[in-house]
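Observations on chain architecture
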Amino acid sequence: MTACLDGLRVLDLSRILAGPWATQLLGDLGAEVIKIERPGEGDDTRGWGPPFVVGRDASDTFAAYYLAANRGKKSVTIDFSKPEGRELVTELAKSCDVVVENFKVGGLKRLGLDYEALSPLNPRLIYCSISGFGQTGPYKDKPGYDLLVQAMGGLMSITGAADGEPMKVGVAVADIFTGLYATVAILASLNERRTSGLGQHIDLALLDVQIATLANAGMNYLASGKKPQRHGNAHANIVPYQAFATRDGHIVAAVGNDAQFARFAAILGVPELSLDPKFQRNADRVRNRADLLSILTSRIRMWGKAELLLALDGEKIPAGPINEMSEVFEDPHVVARGLVVEQRLHDGGAATKLIGNPIRFSRTPIEYRGAPPRLGAHTEEILCRDLTMAEKDVDRLEKQGIVSKSRA
């Protein structure tokens, strides 16, 4: 079956998370992704463990972090700090549709691998640069990591308990959102190229994306000028919308409108709350948050978790348990939706569980064409196929330390 992006070729010069997240998604959609890595070391995340998944033997390991963002790619090791290595990357770029890179601003320009250098050789090339702070502005040369960006972009200031310290989110959301924005920008550029016949340069900054995804929290500030407060597991604009303690565990309830609140109050045995002017409308409930929650929390503590969730489900009130990871991946709905996929890291090996792609197409389903590759697993294939090099020439480059091949 033909995938959505069959025929698209992506040269992936990125590492760690934001860039690899974008290129893994493009690969899931059918693109051929050629991941260029440093000989001997490769992507930094190959060593970001434990935990590690064992391949053929104890010396053949894959960091779980690396496995999260690199399936479906072809690993080619080239040292492009050396002239002959730069020449190889340049030649590959001539036949690719997209380049994704996340080097420090100006890093690839010094090597002659920036958009200005490659575009004249391939005018249809779409070149996506991902950095912490963008290609312009006073912070452009500052190194950027997800934690730093969550702090500087305001996310930490609104995350955490009201009386606690600012907190980061449990996963690198600035990196992941930037990867998703990069994918959208690349696909939009590909569509525009159908008309113009030309590629373009995409400049994406983690900080820009973090601020864009402040969404309603950022707009609350712009509209009011008031400093947002941390609400822990509660919501700044909707009440009740938070975690609650029952008699034997915690749940979350997301009561999104006034009709749901009336049903919620009735289940808890206090139907009069929905008629009280202090709580009748959501805006009233936000203004009188503390008074309402003192009533609700005492009522909810009288219930068992399973009993209350059953009652809330019966009235179509959004609610659910706070699951541990084991509960997430064993949930029958998650299993039914196919969020866990299995791939073999080597021929004849045991299947390794990976988190699947959440996109569901009616005609062109996602195909998992390859497991996250070993370092240099496709060096010879790509250089011989795409650059018509002889095997002896690849061997010569390997002896010179310019490329390497997988020995596993």
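Please refer to the structure higher up on the page.
To start, this report covers the structure provided alongside it.

So, how was this worked out
Residues numbered from 1 in each chain as written. Predicted model: local features only at pLDDT ≥ 70, side-chain atom pairs only at ≥ 80, totals over all residues. Heavy atoms only, no water. Phe/Tyr/Trp six-rings, centres within 6.5 Å; stacked < 30°, edge-to-face > 60°. Helix = DSSP H or I, 4+ residues; strand = E, 2+ residues; numbered from the N terminus. Lys NZ or Arg CZ within 6 Å of the ring centre and 35° of its normal. Buried < 20%, exposed > 50% of the residue type's maximum accessible area, 1.4 Å probe, protein only. Axes fitted to C-alpha atoms, helices over the stretch in contact; angles between N-to-C directions. Parallel < 35°, antiparallel > 145°, perpendicular 65-115°, else oblique. Left-handed = near helix turned anticlockwise from the far one by under 90°. Contact = heavy atoms within 4.5 Å. Nonpolar A, V, L, I, M, F, W, Y, C, P; charged D, E, K, R; others polar.

**Digging into the packing of aromatic side chains**
In this description, an aromatic ring pair is defined by two values, namely the gap between the centres and the angle between the planes. Summed over the entire model, instances satisfying the criterion amount to 5 aromatic pairs. Here Phe-244 and Phe-264 contribute two aromatic rings whose centre-to-centre distance is 6.5 Å and whose plane-to-plane angle is 45°, an arrangement assigned as tilted. Here Phe-244 is found in strand 9 (residues 241–246), whereas its partner Phe-264 is found in helix 9 (residues 258–267), with 20 residues between them in sequence. Seen from the ring of Phe-103, Arg-15 lies directly overhead, with NZ or CZ sitting 4.4 Å from the centre.

**Side note on the environment of Ala-215**
Structurally, the position occupied by Ala-215 is in helix 8 (residues 215–224). By relative accessible area, Ala-215 is classed as partly exposed at 43%. In the structure, Ala-215 is positioned 158 residues away from Pro-373 in sequence and 36 Å away in space, judged by C-alpha atoms.

**Description of the packing of helix 15 (residues 379–386) against helix 16 (residues 391–399)**
Direction vectors running N to C along helix 15 and helix 16 enclose 130°, while the axes themselves pass 10 Å from each other. Between helix 15 and helix 16, the angle is such that the two are oblique. Remark: the crossing between helix 15 and helix 16 carries right-handed chirality. Note on element contacts: helix 16 touches helix 15 through Glu-391, Val-394 and Asp-395, opposite Glu-380, Leu-383 and Cys-384. For the contact of helix 15 with helix 16, the class distribution of residues is 3 nonpolar, no polar and 3 charged.

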